Amino acid sequence: MERVRVSVTNQPPVEATGVTGDEIDLFQRYIGDTRRFPFEHQARAFQIIREGKECVLVAGTAAGKTLSVVIPLLLRVQKGLSRKILFLYPALALLEDQLQTIRRVAQSIGYENAIGHIYGGMTRRELTEQLTKPILVATPDAIYWFVEKNTKYGPLFLYSLCQVDDIVIDEAHILSGLMGENLKAFLDRLNVLRTQFLHKKRIRVHVLTATPTEVVDKLSKGEKVYGRSKVGEVIFEAELLSKGNTESWLQLIQREANGDFRRMIVVVNSAKRAHQLFFACKEEQQNSKRIMPFLRQFGWIRLQDVGRVLYTQYPHLLSTVEGWMREQTEHILIPLQNLYDDDNLLVSAGTLSEWGESWTERWKKRISSEIKEFFQKESKRKLEYTLNGKWRNHQALMRFGRLTYQDYQRTIDQYAEHLIRAWEANIHTLVEESDEAVLTKRGLQEFFRTLSLDPLFHGIADDLKNDVFRQRIPLRHVNTPFEKLLTLPLPSIPIREVEEVCIKLGISFESVFQACMKQIQLKYIGFLQGTDIPVILYTGSMTKRARNGLIEAFQSDEIRQAILISTSAVEVGVDFDADLLLSEECTSNSFLQRFGRVGRRGGNFQRVVLLTQDGGLYGKFRRAFENKDRLTREEFSEEIRSLLPERKHLNSSPYIHLLHSHVTRRLGEVGRLIAPDQPEVERLLLEKCGFRYGLRSTLPQVELLDEGIGKDPFQILSYIPKEQLRTHYDSFTVAKADVFFDQLIYMKRMYRILINQDATLKQMKVMLYWHKGQLHGIDPTILMQAATRGQPCFYQNTVHAVLNRPNALKLALSETHMAKFTQVYPYLQAIQENPKLNRYILGIGDIILQRGSGHDLHDLIDQEDDPIILRNQMFLYCPYEAGRDSKDTISWEGFEQELLVFRNEDYPEFNQPFGHILIDRVAGACVEMYRRMVETA
């Protein structure tokens, strides 16, 4: 393998000896050494914050950035100079790591109970309790969770944040592009509320960053302080890989494992590659003596296995053990048809009522969809023949003779109403005075048998029953006997949680551990093939529960050597050190973050190896470093930024400012005083689809069985069959998949995911356009009706076809339709002034997904045949020619962090109309790209 090498030196920071003050005293108490002084950049940060000013600290890893702001800010709180402070961390791992430092400093001044942690999913009581504390920590995503999802807490939450005098934003360079703009707009709103209604000064914003990017200047105008890192000399190597597959990486790791290192980090760019590499590295057969030190802390065991042991050894604790096991299955869903006939379902009457409405609505939707499909594709006679043949269960519908689709729909609605009334009547026979309903599977079967005796439901009771018994309910509602509970597919849990429950129950963990030992498995720790070197996996696709303690194990002094396989999850937040790093080619900022993980503790011969398959890039490295033996860190960073690409970002969007004006108006009278004028486009959006917003991705994810793990639908849905998919609609999730991430890593791609462009355009709820520096909106259904003199054209024309006929559209507005279609006039005028508005469609609506295999293409559906649709998504449609022409003036390539670009021409085998559809990954991206395209000359 070819290789380039250069030595990277560092000038260490200098201690600010001789300085005095409360900050110095607290610093020395924290360090535990009165002879130690802070670095010069730390001392300068102490002084700036003590004087009540904003500070921007620019320094690499191992520079003590956190202490630079935590110490003076906590002293300001103690002295009453700051009422409340908020620490914002862009990654949860970073928050958890830095929270330990904050707690240790707070403990030094007696404020260990003054720290509040804000996270998504909190109850009102939990949120109120945390907000009363003077020191708050959160991720920006948690802040946006309360703004978007939990709107009922919004005013309380925003008012509490207005009490914050100082905000610290750590690793601010991560919040690039629209993320930074979004956060700035949010802070601006808080400042308006503070200054106008609380008569307070603006919030002081302190920024910690390794890179002085444009977003840093947006977020804070504070004095910039530049610091140095306390790191040693590092050898940098660039190496050309002939292949980039898992086998090549395994050979590379085994080669380096023969060298002299203590801690090796292997960083690849995808979680799938990291998991594949980990399982390829570790030995299949584990030596019990070697794994014993890890089993107690990192072992996993199936819940039913530990349940059997506890039941056998401590039968008198059966009810307590069973209750604990049910707590572990909180998120598990089980099909009704899988229950035993005598299993009890312990639920409230209200829950049963909700189930009945949900089941009825699902049945109604399925039947309506099937009948609609027949009306579209088959004759009515064919429909009636099919209903009497294939759909014998729907004979009752035939009593009405030859009906229109609308007649059938009304009939189905009537059936649904009667069914809900029958269900409600049945609930009253089950509910006792305690308001708890005891329902069994046998009881449900009896309900449908009784229903079939009713002449009204005689033909459809079996169909309804089949629909209901396919539904999944939370396992926590199933009061199955303990012996049967052990036979269900229960999850695995960490063995350390078994130890915790043993302590609570007052029983011997040692005896339980010995009895379970053969069933305990190490999931994410193993040993490198043919060696005694532990290999550890750490990625963002592992649950927090699974990651817990892994970094500590990697850093443990009890282990002579260790290898960590990871992704960008190690770039920020986790405080650890290595003397060897193998990194896949990545962006310059990411690589410099990874580079900073080596040499943090000093020492000799620290190495970083950048691996690439790109011969052209390798040639650039060779030319850049061939005559250089040594570079300073600053010189090396400049070279890396010139050699490795950086992601492009959209730095602003009109949608973001529209969004935050809307959030402000939601505060009631106070909000309306700040933002009194509601634009017409906002009213239209609220009426038709609402707003989508969040700091990072607003693209709904597919949620896996791994708790809290979601994936991009355009990637994950190409692997998972419909039998393992369940539709789920909320702001964050489009579907749930009955698979774990580790099951996906070896799955082959089975499908192609496409967007049905024609159907998506027909489902558009709001069409937006940019004119005279403002965003405007129109109802696309009115537009299409206007173009056809009041006749809907959903199945004859796409929206784009209508927009390509502005003259015809104008003629269609006869005097009788003038009043009805007044929304169209401004748009027509805008088209005349800027014809580019007629080339693209910016809209909000449902994205209709299709899935193809071979040459077969069909709508994407779940296990219940319900469509999986991206609801209320912002999109930008560019017909093929317009998209191709637009690349001459502006390109959307390189904005993958904020935009998802879909091209039908990438899948010619499906014979779909060519064109581009851009979808927001971050709210406002499509609007900004559209603005640029229509304004470009």
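Above this text is the structure in question.
Below is a summary of the structure that appears in this document. (Residues numbered from 1 in each chain as written. Predicted model: local features only at pLDDT ≥ 70, side-chain atom pairs only at ≥ 80, totals over all residues. Heavy atoms only, no water.)

## Here we look at the overall build of the protein
Right, on to step 1. Within the protein, the regular secondary structure consists of 39 helices and 36 strands.
Right, on to step 2. Partitioning the intrachain contacts of the protein with sequence separation of at least 6 by distance along the chain shows that 76% fall at a separation of at least 24.
Right, on to step 3. For the protein, the exposed surface amounts to about 41,100 Å²; the carbon and sulfur share of it is 48%. (Helix = DSSP H or I, 4+ residues; strand = E, 2+ residues; numbered from the N terminus. Contact = heavy atoms within 4.5 Å. Areas by Shrake-Rupley, 256 points an atom, 1.4 Å probe, with all protein chains shown as cover.)

## Section: the packing of helix α25 (residues 588-595) against helix α27 (residues 633-643)
Right, on to step 1. Close contact between α25 and α27 brings their axes to 9 Å; oriented N to C, the two are set at 145°. Relative to α27, the crossing made by α25 is right-handed. Contacts between α25 and α27 involve Ser588, Asn589, Phe591, Leu592 and Phe595 from the first element and Arg633, Phe636, Ser637, Ile640 and Arg641 from the second.
Right, on to step 2. Here the contact of α25 with α27 is built from residues that sort into five nonpolar, three polar and two charged. (Axes fitted to C-alpha atoms, helices over the stretch in contact; angles between N-to-C directions. Left-handed = near helix turned anticlockwise from the far one by under 90°. Nonpolar A, V, L, I, M, F, W, Y, C, P; charged D, E, K, R; others polar.)

## So, the sheet that holds strand β18 (residues 521-522)
Right, on to step 1. As summarised here, the arrangement of the three strands in space is β17-β11-β18, forming an open sheet in which the pairing is antiparallel. Of all the strands in the sheet, just β17 (492-494) and β18 have a single pairing partner and so form its edges.
Right, on to step 2. Bridging between strand β11 (residues 299-302) and β17 involves three bridges; their strand directions are antiparallel. The residue of β17 that forms the bridge with Ile301 is Ile493. (Pairing = 2+ DSSP bridges.)

## Considering the pattern of salt bridges
Right, on to step 1. Scanning all chains against the criterion turns up 39 salt bridges.
Right, on to step 2. The salt bridge involving Glu237 is made with Arg3; its shortest N-O contact spans 3.5 Å. Taken as a pair, Glu237 in strand β9 (residues 234-240) and Arg3 in strand β1 (residues 3-9) lie far apart in primary sequence, 234 residues in all.
Right, on to step 3. Classification of Arg3 as partly exposed rests on a relative accessible area of 36%.
Right, on to step 4. Put simply, Glu639 and Lys628 hold a salt bridge, and the shortest N to O gap is 2.7 Å. Taken together, the positions of Glu639 in helix α27 and Lys628 in the loop between α26 (615-625) and β24 (630-632) put the pair eleven residues apart, joining distant regions of the chain. (Salt bridge = Lys/Arg side-chain N within 4 Å of Asp/Glu carboxyl O. Buried < 20%, exposed > 50% of the residue type's maximum accessible area, 1.4 Å probe, protein only.)

## Considerations on the pairing of strand β32 (residues 841-853)
Right, on to step 1. Here β32 lies mainly inside the structure; twelve of its 13 residues are buried.
Right, on to step 2. The pairing of strand β30 (residues 764-771) with β32 spans four bridges and is antiparallel. Paired with Val766 across the strands is Ile844, a residue of β32.
Right, on to step 3. Pairing between β32 and strand β34 (residues 869-879): seven bridges, direction antiparallel.

## Some points on a nonpolar patch on the surface
Right, on to step 1. Judged by side-chain polarity, Phe197, Val670 and Leu673 come together as a nonpolar surface patch covering roughly 240 Å² of accessible area.
Right, on to step 2. Turning to its location among the elements, Leu673 is positioned in helix α29 (residues 669-674). (Patch = residues over 30% accessible without salt bridge, like charges linked within 9 Å, V, L, I, M, F, W, Y side chains within 5 Å.)

## Focus: the packing of aromatic side chains
Right, on to step 1. Tallied over the full model, the rule gives 13 aromatic pairs.
Right, on to step 2. Measuring from centroid to centroid gives 6.1 Å for Phe591 and Phe595, while their planes differ by 50°, and the two rings are tilted. Of this pair, Phe591 and Phe595 are both found in helix α25, four residues apart, which corresponds to roughly one turn of the helix. In this structure, Phe591 and Phe595 share a single accessibility class: buried.
Right, on to step 3. Across the ring face of Phe513, the terminal group of Arg296 is positioned such that the distance to the ring centre comes to 4.3 Å. (Phe/Tyr/Trp six-rings, centres within 6.5 Å; stacked < 30°, edge-to-face > 60°. Lys NZ or Arg CZ within 6 Å of the ring centre and 35° of its normal.)

## A short note on unusual backbone geometry
Right, on to step 1. A positive phi angle is found at Lys772, which is not glycine, with a value near 55°.
Right, on to step 2. You can see Lys772 is positioned in the loop between β30 and β31 (774-778).
Right, on to step 3. The phi torsion at Asn872 lies on the positive side, around 50°, for a residue other than glycine.
Right, on to step 4. Mapped onto the fold, Asn872 is located in strand β34.
Right, on to step 5. Judged by relative accessible area, Asn872 falls into the buried class, the value being 18%.

## Section: the environment of Ala172
Right, on to step 1. By secondary structure assignment, the location of Ala172 is in the loop between β6 (166-169) and α8 (178-197).
Right, on to step 2. The buried category is assigned to Ala172, whose relative accessible area is 0%.
Right, on to step 3. Through-space distance from the C-alpha of Ala172 to that of His206 is 9.9 Å; in sequence the pair is 34 residues apart.
Right, on to step 4. If sequence neighbours within four positions are ignored, Ala172 has contacts with Val207, Leu208, Thr209, Val215, Val216 and Leu219.

## Focus on the pairing of strand β7 (residues 204-209)
Right, on to step 1. β7 sits mainly inside the fold: six of its six residues count as buried.
Right, on to step 2. Of the two faces of β7, the one lined by Arg204, His206 and Leu208 and the one lined by Val205, Val207 and Thr209 are each fully buried.
Right, on to step 3. Relative to β7, strand β2 (residues 55-58) is paired through three bridges, and the arrangement is parallel. Residue pairing in the sheet places Val56 in a bridge with Val207 of β7.
Right, on to step 4. As paired strands, β6 and β7 are joined by four bridges and run parallel to one another. Bridge pairing in β7 places Asp166 opposite Arg204.

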